[in-house]
Amino acid sequence: MSLDNTMKVPFVSFKPLEKELDGDLRVAFERVYENSWYIEGKEDEKFEASFAEYCKSKYCVGVGNGLDALMLALKALGVKEGDEVIVPSNTYIATALAVTYVGATPVFVEPDIRTFNIDPARIEEKITDKTVAIMPVHLYGQACDMDPIMEIAGKHDLYVVEDCAQAHGATYKGRVIGSFGNAAGFSFYPGKNLGALGDAGATVTNDKDLAAKIRALGNYGSDYKYHHIYKGNNSRLDEMQAAFLSAKLPHLDKVNVNRRSIADKYLKGITNPEVILPFVPDYAVPVWHIFGIRCKRRDELEKFLNYRGITTNKHYPIPMHLQECYKDLGYKEGDFPIAEEISTTELSIPMFYGMTDEQIQYVIDTINDFK
Ligand SMILES: *Cc1c(COP(=O)(O)O)cnc(C)c1O
């Protein structure tokens, strides 16, 4: 419910960017349609080459979505039943499900409450002789502290698969994320910083054999037609989405710069003492997929903003270990207090390319008005 005569600020809108790229997107559609070739073709190849370059990685394999990008990377690395994979306790369910789908067990590690990202200091205590990999998630568009994570992985001989679904173009110590580990999974779900006009994803890696295996696994496990070397999946980036993504990729940096300028205004303008603003460590230049504030009276603040026409979201209202689908892991409330604290205090406020100054100021003023 909201007031009638108030400004409306949506949580996200694709319209400002789509208006700018309208011609390019229509041309992309026409090109694929005229060519009449929809799966595994030159659009896919072209996008993969340019996205690999963008991520400073040697190889990019287009897949069906972000979940598959992570799952196929784990599968290609040989992660299997009986293995354990370190996953942050505060993330989207897809990170954990990627582990589950290859038959392995996700082992949760608490985040640093200031950055929301996995706390490297808490990883080693969760490593057992079954642990085979760590999956750092660059949550909300901010890089994890990769140096200590890579050091721990090196010391214990673990794979690292980065979950980059929310962080296209984010940097850690000046280096773009996606090439720190053995492989990285990206999502191009429409709401992500680089979004397709439907589902799409990609895995990037510097390992040629791994890239070939991921490609085969996403194509029924075949290395050439009707010859199947693995029990694969069907998960390919289709030509139409690849063409849309090629039209949008050249604008990604501009989109991220715009998101940063909105975030800067929020960081300077929101002064309500009840609100804890997100913390940006020196090593990170975030791309602000989500701007998450925290507030003890989160649900009241949410109602207050919604009533005044500002749409908000929570990332995420139920932590991984309390999800019904993971009952089998046997966790209970209190097992991951930091993830639980985030789930009850975090509120995501509007953040999208092309927000007007008026909208940004209205969000700031309304949050400051909350008593
Ligand atoms: C969106 C997302 C995914 C999954 O991407 P899909 O394309 O929706 O499958 C994985 N991890 C994180 C952190 C995400 O935000």
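Residues numbered from 1 in each chain as written. Predicted model: local features only at pLDDT ≥ 70, side-chain atom pairs only at ≥ 80, totals over all residues. Heavy atoms only, no water.

## Details of the pattern of salt bridges
Pairing of side chains with opposite charge becomes possible as their charged atoms draw close. In the structure shown here, the tally under the stated rule is 18 salt bridges. Between Arg 122 and Asp 119 there is a salt bridge, with the nearest N and O atoms lying 3.2 Å from each other. Residue class for Arg 122 comes out partly exposed when judged on its relative accessible area of 32%. On the accessibility criterion, Asp 119 (17% relative accessible area) is buried. Two residues, Glu 274 and Arg 297, come together in a salt bridge whose shortest N-O distance is 2.5 Å. On the criterion of sequence distance, the pair formed by Glu 274 in the loop between helix H8 (252–269) and strand S12 (275–276) and Arg 297 in the loop between strand S14 (291–295) and helix H9 (298–307) is long-range, its members being 23 residues apart. The exposure class of Glu 274 is partly exposed, given its relative accessible area of 30%. The exposure class assigned to Arg 297 is partly exposed, which follows from its relative accessible area of 25%. Several salt bridges share partner residues, and in doing so they unite Glu 274, Arg 297 and Glu 300 into one network. (Salt bridge = Lys/Arg side-chain N within 4 Å of Asp/Glu carboxyl O. Buried < 20%, exposed > 50% of the residue type's maximum accessible area, 1.4 Å probe, protein only. Helix = DSSP H or I, 4+ residues; strand = E, 2+ residues; numbered from the N terminus.)

## Considering the site of the ligand
Neighbouring the ligand are Asn 65, Gly 66, Leu 67, Thr 91, Tyr 92, Ala 94, Val 137, Asp 163, Ala 165, Gln 166, Ser 187 and Lys 192. The contact in question runs from an oxygen atom of the ligand to an N or O atom on the backbone of Gly 66, over 2.8 Å. A distance of 2.8 Å is found between a nitrogen atom of the ligand and a side-chain nitrogen or oxygen belonging to Asp 163. In the complex, the protein chains occlude 91% of the 380 Å² of accessible area that the ligand would expose alone. The class makeup of the residues in the shell around the ligand is 5 nonpolar, 5 polar and 2 charged. (Near = heavy atom within 4 Å. Polar contact = N/O pair within 3.5 Å; in protein donor to acceptor, adjacent residues only side chain to side chain. Areas by Shrake-Rupley, 256 points an atom, 1.4 Å probe, with all protein chains shown as cover. Nonpolar A, V, L, I, M, F, W, Y, C, P; charged D, E, K, R; others polar.)

## Some points on the nonpolar core
Side chains of nonpolar character tend, in soluble globular proteins, to be buried together. With 43 residues, the main nonpolar core has Phe 47, Phe 51, Ile 123, Phe 186 and Phe 188 as its most contacted residues. In this structure, this core is formed jointly by two domains, domain 1 (17–249) and domain 2 (251–369), each of which donates at least three residues. Excluding residues within four positions of it along the chain, Ile 123 makes contact with Ile 86, Val 109, Ile 118, Ile 134, Ile 149 and Ile 152. Membership of the second largest hydrophobic core comes to 34 residues, among which are Leu 70, Val 85, Val 102 and Ile 214. (Core = buried A, V, L, I, M, F, W, Y, C linked by side-chain atoms within 4.5 Å. Domains from an automatic or database assignment. Contact = heavy atoms within 4.5 Å.)

## Thoughts on the domain arrangement of the protein
Here the protein is described as being made up of domain 1 (17–249) and domain 2 (251–369). A C-alpha centroid distance of 24 Å is found between domain 1 and domain 2. Taken residue by residue, the interface counts 45 residues in domain 1 and 39 residues in domain 2. Of the roughly 3,600 Å² buried between domain 1 and domain 2 on both sides combined, carbon and sulfur atoms contribute 62%. Interface area lost by domain 1 to domain 2 is led by Phe 108, Tyr 140 and Asn 193, which between them contribute 19%. Viewed at the interface, domain 2 and domain 1 are joined by 1 salt bridge. Residue Lys 254 pairs with Glu 20 through a salt bridge whose shortest N-O separation is 2.8 Å. One can count 25 residue pairs in polar contact (both at pLDDT 80 or more) joining domain 1 with domain 2. Where the side of domain 1 that touches domain 2 is concerned, the elements lending two or more residues are helix H1 (15–35), helix H4 (93–101), strand S3 (105–109), strand S6 (171–172) and helix H7 (239–248). The residue inventory of the side of domain 1 that touches domain 2, partitioned by class, reads 21 nonpolar, 14 polar and 10 charged. (Buried area = accessible area lost by both parts, 1.4 Å probe.)

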